[in-house]
Amino acid sequence: MAEYAIEIEHLVKRFDNLTAVNDVSLNIRRGEIFGLLGPNGAGKSTTLNMVLGLLSPTSGRVLVNGTDMHTNPYAARNEMGIVTQETVVEPELTAEQNLMIFGRLYHIPEPELRKNIDFALGLADLTSFRNAYAGTFSGGMKRRLETAKSLMHAPSVILLDEPTTGLDIQNRTKIWDLLRDINKNQNVTILLTTQYLEEADQLCDRIGIIDHGRLIALGTPTELRQKIGMNSVIEISADREVLQKVADVFRKIGLEPKILTNKVVAPAGSAATKKIEMLIKELSARKVQIHNISMHEPTIDDVFLKLTGSEVRDTTGDYVGGRAGFMMGRVR
Ligand SMILES: Nc1ncnc2c1ncn2[C@@H]1O[C@H](COP(=O)(O)OP(=O)(O)OP(=O)(O)O)[C@@H](O)[C@H]1O
Ligand SMILES: [Mg+2]
């Protein structure tokens, strides 16, 4: 058996002048939950679609369980289950019928198909909705049904493109539980993409951060935080007009601040508490009004900020950095 579930070697995809995926190399270990984290347009779907063989790479290679996707696409695809970014359940069919059609496409023999449907419905917590039309389902239920569908042919790897985008926290948590269950109890390797920092942090064993088609960081959530060499992050929120003055105070005490929409943040070493005291003293001497001063352990968005110099925003453009559970997007 191949060492890795998925091997991605120097993958490149160009669309005319745009290089959507730029020399990405990545190995997904058997049995792990791997998250490809990046803002809108980073190249997540393009990468995933090449892994799935739905899009041919400009150059580079993908191996699934050691099988080359290019030379042996059917064998490679058979190893994988897929949940695409767009929801593709059939609204006019019941949950059971959705699964049945999908299973038949894979030529699963009837007795096994029935068994798989029961099992998948149970996993997705949809057994009591077996005969309900998928069109009546909530977003979270549709996502769970799709995940169940991806498991019908008992793949060893499933790939999910933003499985929880747009779902509320309750539904998101339910999908996480489902994915953990599939991963731990069915030994299914999971490769997912996400814009949610918290999802990458809490669900994934390892994270690859992708930005402008390039893989800019790779490691466990803890490794990523350690790699950027921050023990803690100090942040001060204040009115926009005074942010520059706040940043000056950070510099005065030897820190390197970044000014964001409504706050200034700076990585601090182990002496962060002392630094906070110095900041408060200096700010009050200069009569600079602030709203809040706090210190936190570095989060994945601090890692992103440090690596790209870009602020993290959600899709509505409000600043959300420094707290987990929000979406990332690039300041344009
Ligand atoms: N078929 C295509 N033709 C031309 N450009 C494309 C095509 N597909 C994607 N792109 C471009 O490639 C870049 C990467 O797109 P991709 O869909 O992979 O990003 P993403 O990370 O999945 O973003 P999102 O979070 O919005 O889904 C974007 O700039 C996108 O506009
Ligand atoms: Mg996408």
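Just above, that's the structure.
Residues numbered from 1 in each chain as written. Chains lettered and ligands numbered in written order. Predicted model: local features only at pLDDT ≥ 70, side-chain atom pairs only at ≥ 80, totals over all residues.

**Some thoughts on the overall build of the protein chain**
Thought 1: Secondary structure assignment for the protein chain yields 11 helices and 14 strands.
Thought 2: Each principal axis of the C-alpha atoms in the protein chain carries an extent, and together these give about 80 × 45 × 35 Å.
Thought 3: In the protein chain, buried positions account for 44% of the 332 residues.
Thought 4: For the protein chain, restricting intrachain contacts to residue pairs at least 6 apart in sequence, the fraction spanning at least 24 positions comes to 68%. (Helix = DSSP H or I, 4+ residues; strand = E, 2+ residues; numbered from the N terminus. Buried ≥ 20, exposed ≤ 12 C-beta atoms within 10 Å, placed from the backbone. Contact = placed C-beta atoms within 7 Å.)

**Observations concerning the sheet that holds strand 1 (residues 4-15)**
Thought 1: Strand order in the open sheet made by the 4 strands is 2-1-4-5, with antiparallel pairing throughout. Unpaired on one side and paired on the other, strand 2 (18-29) and strand 5 (67-68) mark the two borders of the sheet.
Thought 2: Pairing between strand 4 (residues 59-64) and strand 5: 2 bridges, direction antiparallel. Bridge pairing in strand 5 links Val64 to Thr67.
Thought 3: Helix-sheet contacts for helix 1 (residues 44-51) involve strand 1, strand 2 and strand 4, and the interaxial angle to strand 1 is about 120°. (Pairing = 2+ DSSP bridges. Axes fitted to C-alpha atoms, helices over the stretch in contact; angles between N-to-C directions.)

**Considering the site of ligand 1**
Thought 1: In the vicinity of ligand 1 there are 13 residues, among which Phe15, Ala20, Lys44, Ser45 and Thr46 approach most closely.
Thought 2: For the shell around ligand 1, the secondary-structure elements that each account for two or more residues are strand 2 and helix 1.
Thought 3: Broken down by element, the residue count for the shell around ligand 1 peaks at 3 residues, all from helix 1.
Thought 4: Along the lines of polarity and charge, the residues of the shell around ligand 1 split into 4 nonpolar, 8 polar and 1 charged. (Near = placed C-beta within 6 Å. Nonpolar A, V, L, I, M, F, W, Y, C, P; charged D, E, K, R; others polar.)

**Points about the nonpolar core**
Thought 1: Membership of the largest hydrophobic core comes to 68 residues, with the highest contact counts inside it found for Leu145, Val157, Ile158 and Leu159.
Thought 2: Looking at which element gives the most residues to this core, the answer is strand 2, with 5 residues.
Thought 3: The residues touching Val157, leaving out its near neighbours within four places in the chain, are Ala5, Ile6, Val64, Glu79, Met80, Val188, Thr189 and Leu191. (Core = buried A, V, L, I, M, F, W, Y, C linked by C-beta atoms within 7 Å.)

**Section: unusual backbone geometry**
Thought 1: Positioned with a positive phi, His107 is a non-glycine residue whose angle comes to about 55°.
Thought 2: Secondary-structure assignment places His107 in the loop between helix 3 (95-105) and helix 4 (110-123).
Thought 3: Positive phi is not limited to glycine here, since Lys287 has a value of about 55°.
Thought 4: As for its position among the elements, Lys287 is in the loop between helix 10 (272-285) and strand 14 (292-296).

**Topic: the sheet that holds strand 10 (residues 214-219)**
Thought 1: Strand order in this open sheet of 6 strands is 6-7-8-3-9-10, and the pairing throughout is mixed. Two strands close off the open sheet at either side, each with one partner strand: strand 6 (80-83) and strand 10. Each adjacent strand pair in this sheet contributes to an overall mean axis angle of 15°, direction not counted.
Thought 2: Relative to strand 10, strand 9 (residues 206-211) runs antiparallel, the two being bridged by 5 bridges. Within strand 10, the position partnered with Ile209 by the bridge is Ala217.
Thought 3: Packing of helix 1 onto the sheet brings it into contact with strand 3 (33-37), strand 7 (157-161), strand 8 (189-194) and strand 9, and relative to strand 7 it is tilted by some 150°.

**Things to note about helix 4**
Thought 1: Compared with an ideal rise of 1.5 Å per residue, which puts 14 residues at 20 Å, helix 4 spans 20 Å between its outermost C-alpha atoms and is within 8% of the ideal.
Thought 2: Within the sequence span of helix 4, burial applies to Asn116, Ile117, Ala120 and Leu121. Across the axial projection of helix 4, the buried residues extend over an arc of 125°, all falling on one side. Across helix 4 from its buried face, at more than 90 degrees, point the exposed residues Pro111, Lys115 and Gly122.
Thought 3: Where helix 4 is buried, its residues contact helix 3 and helix 5 (139-150).
Thought 4: One or two residues past the end of helix 4 sits Asp125, with phi positive at roughly 60°. (Expected span 1.5 Å × (residues − 1). Arc of directions from axis to C-beta.)

**Some details on the packing of helix 3 against helix 5**
Thought 1: Where helix 3 meets helix 5, the closest approach of the two axes is 9 Å, and the angle between their N-to-C directions is 30°. Here helix 3 is positioned roughly parallel relative to helix 5, judged by the angle of their axes. Relative to helix 5, helix 3 is oriented so that their crossing is right-handed. In this structure, helix 3 contributes Ala95, Asn98, Leu99 and Phe102 to the contact, and helix 5 contributes Leu145, Ala148 and Lys149.
Thought 2: In the contact of helix 3 with helix 5, the residues fall into 5 nonpolar, 1 polar and 1 charged. (Parallel < 35°, antiparallel > 145°, perpendicular 65-115°, else oblique. Left-handed = near helix turned anticlockwise from the far one by under 90°.)

Keep in mind that these numbers describe shape and distance, not what the molecule does.
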